[in-house]
Amino acid sequence: MRYNVEEIGQRIHVRQIEGMGERLEEDIGGILSRAGMYFRIFHRAKTPYSIAQKLEKSGYGFGNSDKKMQDLLGLRVVVYYPDDLEIIRTILEKTFRQVGDWSETDSTEEEFKASKLNGVFRIPEEYQRIYNGDISFLPIDTTFEVQLRTISFEGWHEIEHDMRYKTPYGEEFWRNNEKLSRTLNCVLANLELSDWTTMNVFDQLAYYHYENKNWEMMLKGKFRLRFADQSLAEEIVDFLDCNQEVAYQIYRCERPQVLFALLRDGYHDRITYNLMVKVMNESLVDYDHRLQRKLSKICHEVMKKEKTGRTERLELNLLDVTPSFQLNVTLQHKPQGDLNREFLLAVQLIASWAQGRFHNITKDIPNSPVDYEFHEAGYNLQILGNMSLGFYKLTLEYVDSTRKGVVWRTKVSLERSNRVRMRVDCDYCHNTDRLIRDSFNKPRFVDEIFRKIGYEDVLSLSSKPQKVEKMQEIEQLSRLIGNHSRTLPVVIAVEDEDSESQININRLAETVGTYAHVYLLGKKAIPMMVEASDYTSEELMGAVWVTFQNGEDKFFTRERISNSRFDFNKYAFDPGNVYEKAFRHKLVRLIKEKNCCYI
């Protein structure tokens, strides 16, 4: 072989690739579950031997005309109904960055072939963070392949793969047995007919129940989703009985549009008949608005009664420590204000947060700066405090009951002198091979202290963008950027002539205003900024500039912002400018990551 299997095993960390596959399987499965689909999903990472064996084939290499292996990580999604294939195809295209086109079955009307639908997508950056192996010495792309199959064809693909295409005997296995090979193809015809017939049966069954006013069974037959074991509410049944024209509108809804509407509804973790009626009534049907509002009110009251909960078994593994949030600021102080009162208020807000974390464990966490300790299995809390010395330090550690093998730790200290200084350090302990998406974890007390007291980092921080239009304001901004005492980043967004493409600076400031300075440079100030910087007015218009406390700058032009794309598009079914959301999402992530690196 061209490549050494042992070397591949040493340099490519297969277990970490499997970890990425686990998270992809979990996340894709979560999306499909939110849509109520029947499916099975599996993942696999290629073994070192399989990698070496595949790269032996012609065409793989590092040349411009060579191809790279794209299925180091593979997933298979098996669905129960053939029309779900196109629905999942759309979901994946909107959610991940696709590479190339889908590979589909190419057959004529005179032949039958196993139905397949294969696509290749980029592995998102956030999944790759757990990977520290090396694939650069091999012609392998950072992609994953998804194979879509119906459950009828799933077993057939395994048979055909092993007994026809991958048999070690090659063409000799079927030589002089063409009739048997054709007979085998007849099985494919029956499988295809089975898929089509199944859908047709349920469509007719749904119409029967529609005519007989069996609304719940109509929904089940028409939309074929994994409904929770909860009946359609009597109030909704009575409404549909009295307003059959509304039931007709619901019956006429197209199944793909219903599933996409369910994905846009982000407030459910299971599919109920009541939820289905609510979603269709709100976004898909068009009939008398008076009746529509009446049904909406009924659905709202019914949904308030639906409560769900899920638990996940905790499995502990060897853990690594990763920073999740850091902050080093001075609390705002007005000359007429009471410094001791500000110090004590900050202590109380921190203690209240800790009590909220431990409310089922202990009830006596002090809300004043005194020494205190609490230790139980999985829960540790230590406080050192002295009011007269103006000192308070809290260390809290607890096991996450909803994530496997994760322990969260928070350290916060307050020091009072002529002002009150606060430092917050949070980290999480986790399994090395498992990605924890919520790696940024800002404690609630950070925002509460910000709202009730305020923060300063050379200048005051704000949850609203500060507009810059005058030369005096530009000079003040320049002094802030150049101040070596500054610990937090400065974000400057420049107004764009086209408001539709303008970054949502208000939303950005609300998100990062407690740990970044956010400014909006008005169009009037652009000529002045041109004189004070190395950028032209064309470069500045609609741009975003970020400068970090270590002197590192990031400049994003309007063109770069408009070309932003999600690697993993959680907002695929949300309305609005998805490119602006993609850029703002990446900008926030950049600021969060730097937050954990530089303080």
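Everything quoted here is computed from the prediction, not taken from an experiment. (Residues numbered from 1 in each chain as written. Predicted model: local features only at pLDDT ≥ 70, side-chain atom pairs only at ≥ 80, totals over all residues. Heavy atoms only, no water.)

Chemist: How should I be thinking about the overall build of the protein in this particular structure?
Modeler: Counting secondary structure elements, the protein contains 21 helices and 18 strands. Taking the principal axes of its C-alpha atoms as reference, the protein extends roughly 95 × 75 × 60 Å. Burial analysis of the protein (599 residues in total) assigns 47% to the buried set. Expressed as a percentage of contacts within the protein between residues at least 6 apart in sequence, the contacts between residues at least 24 apart total 69%. For the protein, the exposed area adds up to about 31,200 Å²; of that, 47% sits on carbon and sulfur atoms. Distance from the positive charge centre (83 side chains) to the negative charge centre (91 side chains) of the protein: 3 Å. (Helix = DSSP H or I, 4+ residues; strand = E, 2+ residues; numbered from the N terminus. Buried < 20%, exposed > 50% of the residue type's maximum accessible area, 1.4 Å probe, protein only. Contact = heavy atoms within 4.5 Å. Areas by Shrake-Rupley, 256 points an atom, 1.4 Å probe, with all protein chains shown as cover. Lys, Arg positive; Asp, Glu negative; His and termini not counted. Charge placed at Lys NZ, Arg CZ, Asp CG, Glu CD.)

Chemist: Just to check I follow, could you spell out the sheet that holds strand 1 (residues 39-45) for this structure?
Modeler: Sheets are built from strands that pair by backbone hydrogen bonding, the pairs being arranged parallel or antiparallel. Spatial strand order, 1-2-5-4-3: 5 strands in an open sheet with mixed pairing. Strands with a single pairing partner mark the edges of an open sheet, and in this sheet they are strand 1 and strand 3 (98-104). For this sheet, the mean inter-axis angle between neighbouring strands, taken without regard to orientation, is 15 degrees. Where strand 2 (residues 73-79) meets strand 5 (residues 143-150), 7 bridges bridge the pair, whose relative direction is parallel. In the strand pairing of strand 5, L75 is matched with V146. (Pairing = 2+ DSSP bridges. Axes fitted to C-alpha atoms, helices over the stretch in contact; angles between N-to-C directions.)

Chemist: Where do I start with the pattern of salt bridges in this structure?
Modeler: As a working rule, side chains carrying opposite charge can pair if their charged atoms are close by. Using the criterion set out here, one finds 32 salt bridges in the structure. Residue E282 is joined to K278 by a salt bridge in which the shortest nitrogen-to-oxygen separation is 3.4 Å. Of this pair, E282 and K278 both sit in helix 12 (residues 273-283), 4 residues apart, which is roughly one turn of that helix. E448 is the salt-bridge partner of R444, the closest N and O atoms lying 2.6 Å from each other. Taken as a pair, R444 and E448 lie in helix 15 (residues 444-452) at a separation of 4 residues, close to a single helical turn. For E448, a relative accessible area of 13% corresponds to the buried category. (Salt bridge = Lys/Arg side-chain N within 4 Å of Asp/Glu carboxyl O.)

Chemist: Would you take a moment to explain the packing of aromatic side chains for this structure?
Modeler: The geometry of an aromatic ring pair is captured by the separation of the ring centres together with the interplanar angle, meaning the angle of the planes. Counted according to the given criterion, the structure contains 22 aromatic pairs. Measuring from ring centre to ring centre gives 6.5 Å for Y38 and Y81, while their planes differ by 80 degrees; the resulting arrangement is edge-to-face. Note that Y38 is positioned in the loop between helix 2 (14-34) and strand 1 and Y81 in the loop between strand 2 and helix 4 (84-95), a separation of 43 residues in sequence. Considered together, Y38 and Y81 belong to a single accessibility category, that of buried residues. A centroid spacing of 6.2 Å and a plane angle of 65 degrees characterise the contact between F358 and F374, whose relative ring orientation is edge-to-face. (Phe/Tyr/Trp six-rings, centres within 6.5 Å; stacked < 30°, edge-to-face > 60°.)

Chemist: Where do I start with the packing of helix 9 (residues 234-242) against helix 13 (residues 289-305) in this structure?
Modeler: A packed helix pair is summarised by two numbers, namely the angle formed by the two axes and the spacing between the axes. One way to put it is that helix 9 packs onto helix 13 with a least axis distance of 9 Å and a crossing angle of 165 degrees. As judged from the angle between their axes, helix 9 and helix 13 are roughly antiparallel. Classified by chirality, the crossing of helix 13 by helix 9 is left-handed. Taken together, the residues of helix 13 that come into contact with helix 9 (itself represented by E235, I236 and F239) are L291, K294, L295, I298, C299, V302 and K305. Residue composition of the contact of helix 9 with helix 13, by class: 7 nonpolar, no polar and 3 charged. (Parallel < 35°, antiparallel > 145°, perpendicular 65-115°, else oblique. Left-handed = near helix turned anticlockwise from the far one by under 90°. Nonpolar A, V, L, I, M, F, W, Y, C, P; charged D, E, K, R; others polar.)

Chemist: Explain the packing of helix 14 (residues 339-357) against helix 15 here, please?
Modeler: The interhelical angle for the contact between helix 14 and helix 15, taken along N-to-C directions, is 150 degrees, at an axis separation of 9 Å. Accordingly, the angle class assigned to the pair helix 14 and helix 15 is roughly antiparallel. In the crossing of helix 14 with helix 15, the sense of the turn from one axis to the other is right-handed. Along its contact with helix 14, which presents L345, A346, L349, I350, S352 and W353, the element helix 15 presents R444, F445, E448, I449 and K452. Residue composition of the contact of helix 14 with helix 15, grouped by class: 7 nonpolar, 1 polar and 3 charged.

Chemist: Explain the sheet that holds strand 16 (residues 517-521) to me, please; I cannot follow it from the model alone.
Modeler: Spatially, 14-16-15-17-18 is the arrangement adopted by the 5 strands of the open sheet, whose pairing is mixed. The strands lining the two open edges of the sheet, one partner per strand, are strand 14 (466-468) and strand 18 (553-556). Strand-to-strand twist in this sheet, taken as the mean axis angle between neighbours without regard to direction, amounts to 20 degrees. With 3 bridges joining them, strand 14 and strand 16 adopt parallel strand pairing.

Chemist: Any chance you could explain the pairing of strand 11 (residues 420-431) here in plain terms?
Modeler: In summary, the side chains of a regular strand alternate between the two faces of the sheet. For strand 11, the tally of buried residues reaches 9 of 12 residues, placing the bulk of the element in the interior. As judged from the 11 bridges shared by strand 6 (residues 319-331) and strand 11, these two strands associate in the antiparallel manner. Following the sheet pairing, N328 is matched in strand 11 by R423. If you look at the hairpin formed by strand 10 (residues 407-416) and strand 11, you'll find 3 residues sitting between the two strands.

Chemist: Quick question: what am I supposed to make of the side chain of E342 here?
Modeler: For E342, the position within the fold is in helix 14. One buried charged residue, E342, forms no salt bridge at all, with the nearest opposite charge on R419 at 6.3 Å. When sequence neighbours within four positions are dropped, the list of residues in contact with E342 reads Q332, H333, K334, G337 and I453.

Chemist: For this particular structure, what's the right way to read a nonpolar patch on the surface?
Modeler: The grouping of M1, V5 and Y49 at the surface amounts to a nonpolar patch, some 290 Å² of accessible area in total. Mapped onto the elements, V5 comes out in helix 1 (residues 5-11). (Patch = residues over 30% accessible without salt bridge, like charges linked within 9 Å, V, L, I, M, F, W, Y side chains within 5 Å.)

Chemist: Quick question: what am I supposed to make of the environment of E93 here?
Modeler: Among the secondary structure elements, E93 is positioned in helix 4. With a relative accessible area of 34%, E93 lands in the partly exposed category. For the pair E93 and F121, spaced 28 residues apart in the sequence, the C-alpha separation amounts to 8.6 Å. Excluding residues within four positions of it along the chain, E93 makes contact with Q98, W102 and F121. A polar contact of 2.7 Å, which involves the side chain of E93, links it to the side chain of W102. (Polar contact = N/O pair within 3.5 Å; in protein donor to acceptor, adjacent residues only side chain to side chain.)

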